[in-house]
Every structure is written in C-alpha cells, then in structure tokens.
Amino acid sequence: METLEEIKTQVKDNPILLYMKGSPEAPQCGFSAQASQVLMACGEKFAYIDILANPEIRANLPNFSEWPTFPQLFIDGELVGGCDIITELHNSGELEPMIKSAAAAV
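Cut-off values and rules
- Residues numbered from 1 in each chain as written.
- Predicted model: local features only at pLDDT ≥ 70, side-chain atom pairs only at ≥ 80, totals over all residues.
- Heavy atoms only, no water.
- Helix = DSSP H or I, 4+ residues; strand = E, 2+ residues; numbered from the N terminus.
- Expected span 1.5 Å × (residues − 1).
- Buried < 20%, exposed > 50% of the residue type's maximum accessible area, 1.4 Å probe, protein only.
- Arc of directions from axis to C-beta.
- Phe/Tyr/Trp six-rings, centres within 6.5 Å; stacked < 30°, edge-to-face > 60°.

> Could you give me a rundown of helix α1 (residues 2-13), with the residues and numbers involved?
In this model, α1 (12 residues) spans 16 Å end to end at C-alpha, consistent with the 16 Å of a helix rising 1.5 Å per residue. When α1 is considered as a whole, its buried residues turn out to be Thr-3, Ile-7, Gln-10 and Val-11. Looking straight down α1, one finds its buried side chains confined to an arc of 95 degrees; they lie on one side. Counted as exposed and oriented over 90 degrees from the buried face of α1: Glu-2 and Lys-12.

> Outline the packing of aromatic side chains, supporting the account with residue identities and numerical values.
Applying the stated rule across the entire model yields 2 aromatic pairs. With 5.8 Å between their ring centres and 80 degrees between their planes, Tyr-19 and Phe-74 make a pair best called edge-to-face. With a gap of 55 residues between them, Tyr-19 in strand β1 (residues 16-20) and Phe-74 in strand β3 (residues 72-75) connect regions that are remote in the sequence. The exposure classification of Tyr-19 matches that of Phe-74, with both residues buried. Seen from their ring centres, Phe-64 and Phe-74 are 6.1 Å apart, and the 45 degrees between their planes marks the pair as tilted. Residue Phe-64 is found in helix α3 (residues 55-65), and its partner Phe-74 is found in strand β3; the two are separated by 10 residues along the sequence.

What follows is the structure, given as structure tokens:
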C-alpha cells in the first residue's frame, strides 16, 4: 500500500509529471522519447519518474491510473494519457495551454 501512497504524493506534488522509461535526456523507449520531446517543446519544466529504476511504481501505477501502458502524463493531478494522446493534444494545440496553465499555478 505504501507504493500507492508514494504515487499519490508524486502526482499531487508535481503539477506536470511524466512517468516514463528512462529520462528525457536518455529515454529508454521510443514512446517515452516522443512524449518527453513533446513536453519539452511546450517550454515548461516538468517532473519525471523513471519507472525502470522504480519497479514498484512500474508495477503499481497501472492500478492507480487505470491506464496499462507507459509513458503516462499527469497534469494537475489528472491523468492526461499516454504517448498517442499526448501527441494528439500537442498537434491540435491543446497541450501547450494545459502545460502553461499548470506551470503558472506553481
């Protein structure tokens, strides 16, 4: 149960949080690379958690978020989605205002 509490705290404490494989500078899968590049293109700092370095989080996050795959983006405590949704929101122009709003509230 403590891993779920840790995830809740991470999501609550970070207005823009990406759970990914690797890091934005050294992603460990193509989907994580694409998601982090899209976030970096929005021009705001974001937190990330490397699920490969945190196997308990990797195992428990799908139960918390009810989303089976990685990466997973949370903005203001809400799951936005995975790589495809992040990319679609970016391409439609909807992601950047969400990111800017979350970053401004810090």
